[in-house]
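Chain and residue survey
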Amino acid sequence: MAVILRKRPPSKKHPYGKRYFEIRVYRGPGRPPAQATWNWPEGWSEKAARREAQKREAELEQTVKRGEYLDKKEKAAKAAAEAAEAAKILTVEQYADRVFLPAKAVNRSEKTVYSYKWTFEKYITPALGRYKLTEVTSAQITSFLLDFQATGAAHSSVSRLYAILKSFFKMAYLDESIDRNPMDKVQRPEPRKDELRKSDAPEAYTAEEVAYILDCLKEAPLKWQAYISVLCDTGIRRGEGIAIRWADVDFTKLEIDINGSVSYTPETGILRTTPKSGKRRTVDITAKTAALLRQLREEQAGVCISEYVFTQDGTPNPMHPDTPNRYMRAFGKRYGIENFHPHKLRHSYASIAITNGEDIVSVSENLGHADTSITLRTYSHASEESRKRTNAGYHKAIEAARGESKSKSS
């Protein structure tokens, strides 16, 4: 070990030069010593400066003993080794943990990411996790999906598992972790023979059924009258309804600013985030719904002060996202409303609007879809009905015009 006093050449800032200590610690035969420098502060005596330098020498010696000291070459070698390790072919489990799931966390909701994690931990990792990405074959994936289907899983669950695997291997292919995508030769599983194929059209109520629901609401607690009325008026998502704050409601214009969504996972608890599409939008409500909201605001103020419209009973906290499902399920049984849940009201809003002549672009905007094609694809049945009505109206107008022309000529 050594503490050597040295002096830098004069400079503009230090015309008489700058004193400093060069500290060296022996690291064994064949290895360069550990080195550090410490500048002698102006105004310090030589005794005080040397004592401080020796203290720093002792600290450097401890760093060497712990194996934490690296010179420039050693740091470069370590970085290269880490890069080489990272470049090694990953297993399915490693790629999911290090790349796929972190990437999804950037542009997916907390609830969606939690669902992905759960699916990997429950199904994908136990079956495929130990295999290297380059080892996984199309036959393996097909066998895995068929085995999962054979357990009695619903076709929707099998399709979702297929979709996650397709997204997973597509990402690995695009970032060149693999040079072929095994999912290219994996067919989407068909429903089992004992499974009835559901209609492609989402479940929705007719206008008459929605009117019946609104009539039944008159007997419900005020909070639920307001919440379900907002969903019927707007077609917004369950979590978007829970995320509404009083500041978002414009009672004059009869509008609500949809700028958030509330979700829940065991990891995060109840969390308010941006809407699913990431875009805020404005939706319209009826005067009756606005009146219910005014009453709810007065009722809520007598219990607690909250920025949220729909809160947990007796608290200022927003409702739990599962609460509407539970309440509406019981409400539906009480009044004979089949399969009553928030998302069915969303489908009902879209189907009724489209079949009654509303344009797809406006409906898509109100629903908060990221792209109009989503609306067209999801509600193609309603679009078809609307198209047929439009054609019928067109031909009726032509026939009427022809009739008028004949009567004039005669």
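In this report, we go over the structure that sits alongside the text. Since the structure is predicted, the reported quantities are computational estimates derived from the model, not experimental observations.

1. Side note on the sheet that holds strand S8 (residues 281-284)
With antiparallel pairing, the 3 strands of this open sheet are ordered in space as S4-S5-S8. Looking at the sheet topology across the chains shown, the edges are occupied by strand S4 (249-250) and S8. Here S4 pairs with strand S5 (residues 255-258) via 2 bridges, running antiparallel. Across the sheet, Val249 pairs through a bridge with Ile256, a residue of S5.

2. A word on the nonpolar core
Within the largest apolar cluster, 39 residues are counted, with the highest numbers of intra-cluster contacts made by Ile228, Ile244, Ile256, Leu293, Phe310, Phe340 and Leu345. Counting residues per element, this core draws most heavily on helix H8 (residues 222-234), which supplies 8 residues. When residues no more than four places from it in sequence are discounted, the contact partners of Ile228 are Ile213, Leu217, Tyr327, Met328, Phe340 and Leu345. Within the second largest apolar cluster, 28 residues are counted, among which are Val92, Val136, Phe148 and Val158.

3. Comments concerning the pattern of salt bridges
Counted under the stated rule, the structure contains 19 salt bridges. Among the salt bridges present, the one from Glu74 reaches Arg31, with a minimum N-O distance of 2.9 Å. A residue pair is termed long-range when its members are at least 10 positions apart, and Glu74 in helix H2 (residues 72-87) and Arg31 in the loop between strand S2 (18-25) and strand S3 (34-39) qualify at 43 residues. By relative accessible area, which is 40% here, Arg31 ends up partly exposed. When the shortest N-O distance is used, the salt bridge between Lys223 and Asp313 registers 2.9 Å.

4. A few points about the sheet that holds S3
Strand order across the open sheet formed by 3 strands is S1-S2-S3, with antiparallel pairing between neighbours. The open sheet has two edge strands with one neighbour each: strand S1 (2-8) and S3. Across the sheet, the mean angle from the axis of one strand to that of its neighbour is 25 degrees, orientation sign disregarded. Across 7 bridges, S1 lies against S2 in antiparallel orientation. Counted as the bridge partner of Lys7 is Arg19 from S2. Its contacts with the sheet place helix H1 (residues 46-65) against S1, S2 and S3, and it is angled at close to 30 degrees to S2.

5. Observations regarding helix H3 (residues 92-107)
With 16 residues, H3 ought to run about 22 Å at 1.5 Å a step, and its terminal C-alpha atoms sit 21 Å apart, in line with that. At Phe100, H3 shows its strongest bend, of approximately 30 degrees, with the proline Pro102 following within four residues. The complete set of buried residues in H3 reads Val92, Tyr95, Ala96, Phe100, Leu101 and Lys104. Of the surrounding secondary structure, the elements contacted by the buried residues of H3 are helix H4 (110-128) and helix H6 (155-174).

6. Quick word on empty space enclosed by the protein
A water-sized probe, rolled over the atoms, reveals where empty space remains. Under the criterion given, the structure shown has 1 cavity of 30 Å³ or more. Estimates place the volume of the largest cavity at around 30 Å³. What lines the largest cavity is simply Lys279, Arg280, Arg281, Ser364, Glu365, Gly368 and His369.

7. Quick word on the pairing of strand S6 (residues 261-265)
A large share of S6 lies buried, amounting to 4 of its 5 residues. Here 5 bridges tie S6 to strand S7 (residues 269-273), and the two strands are oriented antiparallel to one another. Among the inter-strand pairings, Thr265 is bridged to a residue of S7, identified as Gly269.

8. Thoughts on unusual backbone geometry
Non-glycine residue Glu176 carries a positive phi angle of around 65 degrees. Tracing the backbone shows Glu176 in the loop between H6 and helix H7 (207-216). Its identity as a non-glycine residue notwithstanding, Asn339 has a phi of 50 degrees, on the positive side. Topologically, Asn339 is positioned in the loop between helix H11 (323-335) and helix H12 (342-355).

Thresholds applied
- Residues numbered from 1 in each chain as written.
- Predicted model: local features only at pLDDT ≥ 70, side-chain atom pairs only at ≥ 80, totals over all residues.
- Heavy atoms only, no water.
- Pairing = 2+ DSSP bridges.
- Helix = DSSP H or I, 4+ residues; strand = E, 2+ residues; numbered from the N terminus.
- Core = buried A, V, L, I, M, F, W, Y, C linked by side-chain atoms within 4.5 Å.
- Buried < 20%, exposed > 50% of the residue type's maximum accessible area, 1.4 Å probe, protein only.
- Contact = heavy atoms within 4.5 Å.
- Salt bridge = Lys/Arg side-chain N within 4 Å of Asp/Glu carboxyl O.
- Axes fitted to C-alpha atoms, helices over the stretch in contact; angles between N-to-C directions.
- Expected span 1.5 Å × (residues − 1).
- Bend = angle between axes of the 7 residues up to and from the residue.
- 1 Å grid on protein atoms, 1.4 Å probe; cavity = no way out; pocket = protein on both sides within 12 Å on 5 of 7 lines; lining within 4 Å.
- Points joined across faces, edges and corners; volume = space filled by probe spheres on them.

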